Amino acid sequence: MTAPSISIITPTHPARCRNGMLDRALRSVWGQTLLPQAVHVAIDTEREGAAPTRQRALGAATTDWVAFLDSDDLFLPQHLQKLMLYAQETEADYVYSWFKILNRDNVIMEQDPIFPPGHYLNEFDPDAPHQTTITTLVRTELAKAVGFYEAVEPGGTNPGHNSGEDRRFTHGCIAAGAKIRHLVDKTWLWGHHGQNTSGLPFRGDAVEVA
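Residues numbered from 1 in each chain as written. Predicted model: local features only at pLDDT ≥ 70, side-chain atom pairs only at ≥ 80, totals over all residues. Heavy atoms only, no water.

Counting residues in each nonpolar core, the largest one holds 43 residues, and the members touching the most others are F68 and F169. Per-element accounting of this core gives the leading share, 6 residues, to strand 5 (residues 94-102). What F169 contacts, discounting residues up to four positions off in sequence, is F68, Y94, I134, V138, A143, V146, G147 and F148. (Core = buried A, V, L, I, M, F, W, Y, C linked by side-chain atoms within 4.5 Å. Buried < 20%, exposed > 50% of the residue type's maximum accessible area, 1.4 Å probe, protein only. Helix = DSSP H or I, 4+ residues; strand = E, 2+ residues; numbered from the N terminus. Contact = heavy atoms within 4.5 Å.)

Right under this line is the structure:
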């Protein structure tokens, strides 16, 4: 039986191409114990925002599954392998795990200052969905059916702000009847720097992720 194929979907912008963030993220992909079959990177040169940029990268995927990785984050070495095994075990359509925080000094923080203690231990409840982040493994057919688009103001025709596209995507998957499962493990690093990296001096030091 052929193993499921995976594409990495990464939106980025020119600043992250210049300062080394994108290269660092991609190095974490090629260090995986389960390698993807393709990597699709879309560069936002027109300041469109993350949602339409991610949608362009997603549109190129032809594999069974897609794994989302923002260009300021990193996969720990077993990220893809653990999520794929869990997806197979649970027959899920959408799997997510949790993260350790990588601060701007490239220090990995074991304590999470963003979410309350124990938050990441909670099973996903489709009737009361909590934030999953966008660093997920999703069946490609499902991801393309739901998609990533700009927010539209209620009653209006003009796009609104692009923040929250990960939450909109999760709710769209729920509406589509997807089986979502949470792997209680910290398998990736969230690059938490508190501001947009277009104006952030980035330290490109190597990060030990073993």
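Two strands pair when backbone bridges link them, and strand 4 (residues 74-75) and strand 8 (residues 180-191) are joined in this way by 2 bridges, in the antiparallel orientation. By the bridge assignment for strand 8, F75 is matched with W188. Both strand 5 and strand 8 contribute to a ladder of 8 bridges, which runs parallel. Across the sheet, the residue bridging to K100 is L189, located in strand 8. (Pairing = 2+ DSSP bridges.)

Before going further, it helps to spend a moment on the pattern of salt bridges. Enumeration over the complete set of coordinates arrives at 6 salt bridges. For the salt bridge of K82 with D185, the shortest nitrogen-to-oxygen distance reads 2.8 Å. Residue K82 is found in helix 4 (residues 79-90), and its partner D185 is found in strand 8; the two are separated by 103 residues along the sequence. For K82, a relative accessible area of 30% corresponds to the partly exposed category. Note that D93 and R139 form a salt bridge whose closest N and O atoms lie 2.9 Å from each other. Of this pair, D93 sits in the loop between helix 4 and strand 5 while R139 sits in strand 7 (residues 136-139), and the two are 46 residues apart along the sequence. (Salt bridge = Lys/Arg side-chain N within 4 Å of Asp/Glu carboxyl O.)

The next thing to look at is unusual backbone geometry. Although it is not a glycine, E91 adopts a positive phi angle of roughly 55°. By relative accessible area, which is 60% here, E91 ends up exposed. Although it is not a glycine, N106 sits at a positive phi angle of roughly 65°. Its place among the elements puts N106 in the loop between strand 5 and strand 6 (108-109).

What follows deals with the side chain of T187. Checked against the element boundaries, T187 lands in strand 8. Looking at T187, its side chain comes within polar contact range of the side chain of H79, at 2.7 Å. A polar contact is formed between the side chain of T187 and the side chain of S97, at a distance of 2.5 Å. When near neighbours in sequence (up to four residues on either side) are disregarded, T187 contacts F75, L76, H79, K82, L83, S97 and W98. (Polar contact = N/O pair within 3.5 Å; in protein donor to acceptor, adjacent residues only side chain to side chain.)

This next bit is on the packing of aromatic side chains. Inspection of the entire model under this criterion finds 8 aromatic pairs. Here the aromatic rings of F99 and W190 are separated by 5.0 Å at their centres, their planes lie at 75°, and the arrangement is edge-to-face. With F99 in strand 5 and W190 in strand 8, this residue pair connects regions lying 91 residues apart in the sequence. Counting every residue linked through ring pairs, the aromatic cluster contains F68, Y94, F148 and F169. Above the ring of F148, the side-chain terminus of R54 is found at 5.2 Å from the ring centroid. (Phe/Tyr/Trp six-rings, centres within 6.5 Å; stacked < 30°, edge-to-face > 60°. Lys NZ or Arg CZ within 6 Å of the ring centre and 35° of its normal.)

The next thing to look at is the environment of G191. You can see G191 is positioned in strand 8. Non-local contacts of G191, meaning those with residues more than four positions away in its chain, are made with D72, D73 and L102.

Judged by how many residues are buried, strand 1 (residues 6-12) sits mostly within the fold: 7 of 7 residues are covered. Side chains I6, I8, T10 and T12 project from strand 1 onto one buried face, and the interleaved S7, I9 and P11 project onto a second face that is buried too. Note: strand 1 against strand 3 (residues 65-68), 4 bridges, orientation parallel. Bridge pairing in strand 3 places I9 opposite F68. The pairing of strand 1 with strand 2 (residues 38-43) spans 6 bridges and is classified as parallel. Within the sheet, the bridge partner assigned to T12 lies in strand 2 and is I43.

So, to be careful, I would describe these as geometric facts and stop short of saying anything about function.
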